[in-house]
Amino acid sequence: MKPYPINSTYDPAQVYQPEADTYLMVETARHEIRKGDRVLEVGTGSGYIAIHLSGYGSLLGIDINPHAVLAAKEKGVEVARTDMFDGIRGPFDLIIFNPPYLPTQTDEKIEDWLEYALDGGLDGRSTITKFVKRVDRVLAPGGRILLLISSLTGVKEVVEMFHTCSFSTEIVAKRQIFDEYLLVLRCYRMTRDEDTMTDRK
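Residues numbered from 1 in each chain as written. Predicted model: local features only at pLDDT ≥ 70, side-chain atom pairs only at ≥ 80, totals over all residues. Heavy atoms only, no water.

## Concerning the layout of surface pockets
Where empty space is left can be seen by rolling a probe of water-molecule size over the atoms.
Part 1: The space that makes up the largest pocket amounts to roughly 790 Å³.
Part 2: For the largest pocket, the lining is made up of 43 residues, of which Asn98, Pro99, Pro100, Tyr116 and Ala117 are closest to its centre.
Part 3: Mapped by element, the contributors of at least two residues to the lining of the largest pocket are helix H1 (20-32), strand S1 (38-42), helix H2 (48-52), strand S2 (58-63), helix H4 (115-118), helix H5 (126-134) and strand S7 (180-189).
Part 4: The leading source of residues in the lining of the largest pocket is H4, at 4 residues.
Part 5: Taken together, the residues of the lining of the largest pocket sort by class into 22 nonpolar, 12 polar and 9 charged. (1 Å grid on protein atoms, 1.4 Å probe; cavity = no way out; pocket = protein on both sides within 12 Å on 5 of 7 lines; lining within 4 Å. Points joined across faces, edges and corners; volume = space filled by probe spheres on them. Helix = DSSP H or I, 4+ residues; strand = E, 2+ residues; numbered from the N terminus. Nonpolar A, V, L, I, M, F, W, Y, C, P; charged D, E, K, R; others polar.)

## Examining the packing of H5 against helix H6 (residues 155-164)
Part 1: Contact pair H5 / H6: the axes reach a minimum separation of 9 Å and the direction vectors enclose 20 degrees. The orientation of H5 with respect to H6, classified from their angle, is roughly parallel. The two elements H5 and H6 cross, and the hand of that crossing is right-handed. Counting all contacts with H5, which are made through Ile128, Thr129, Phe131 and Val132, the residues of H6 involved are Val158, Met161 and Phe162. (Axes fitted to C-alpha atoms, helices over the stretch in contact; angles between N-to-C directions. Parallel < 35°, antiparallel > 145°, perpendicular 65-115°, else oblique. Left-handed = near helix turned anticlockwise from the far one by under 90°. Contact = heavy atoms within 4.5 Å.)

## Description of the packing of aromatic side chains
Part 1: One pass over the full model with this rule turns up 4 aromatic pairs.
Part 2: Ring centres 5.6 Å apart and planes at 70 degrees place the aromatic pair Tyr23 and Tyr48 in the edge-to-face group. Remark: Tyr48 occurs in helix H2 and Tyr23 occurs in helix H1; sequence separation between them is 25 residues.
Part 3: The exposure class assigned to Tyr23 is partly exposed, which follows from its relative accessible area of 37%.
Part 4: Overall, Tyr48 belongs to the partly exposed group, its relative accessible area being 24%. (Phe/Tyr/Trp six-rings, centres within 6.5 Å; stacked < 30°, edge-to-face > 60°. Buried < 20%, exposed > 50% of the residue type's maximum accessible area, 1.4 Å probe, protein only.)

Spelled out as structure tokens, the structure:
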């Protein structure tokens, strides 16, 4: 894999800053993480979540946005610039992802680096779909995933996406923000019994 170039300076305006979804993920991850876990944060952004989980286990943050990589690095986060899991070996015991989850129309696109943190595609699930299809390769046996979505993303559709890839899901956190709900899904590989029951449905 050719390395993604990183500039020596970054523009804070191009980095997603902590919001309600960030804080909810930190709270949830602190309950989920286990001492000694190997943790991967996909889309680490400003590095806020990674810093607040330091000391629990080894953590690697990744992001495609060069400004985000530099912002996280300045906070002391071990971080790499990559597109999803390109060049990442793993395995990781816990994978955290606060993806772009809001439906975005073509005329709403802003065409800059911050777009990667905001644009969920027409249905809000374009990046999540890519994540679900590829995450199994870097997830350790018995590993867990924490994924944050919105009620506007299509909760049923996201759950079905995971089930199609042989993952069980459960909602472990939920918070109302104005007219939408933020939810954190805990996802893990189905057991053989769960897989068999799914085939019978």
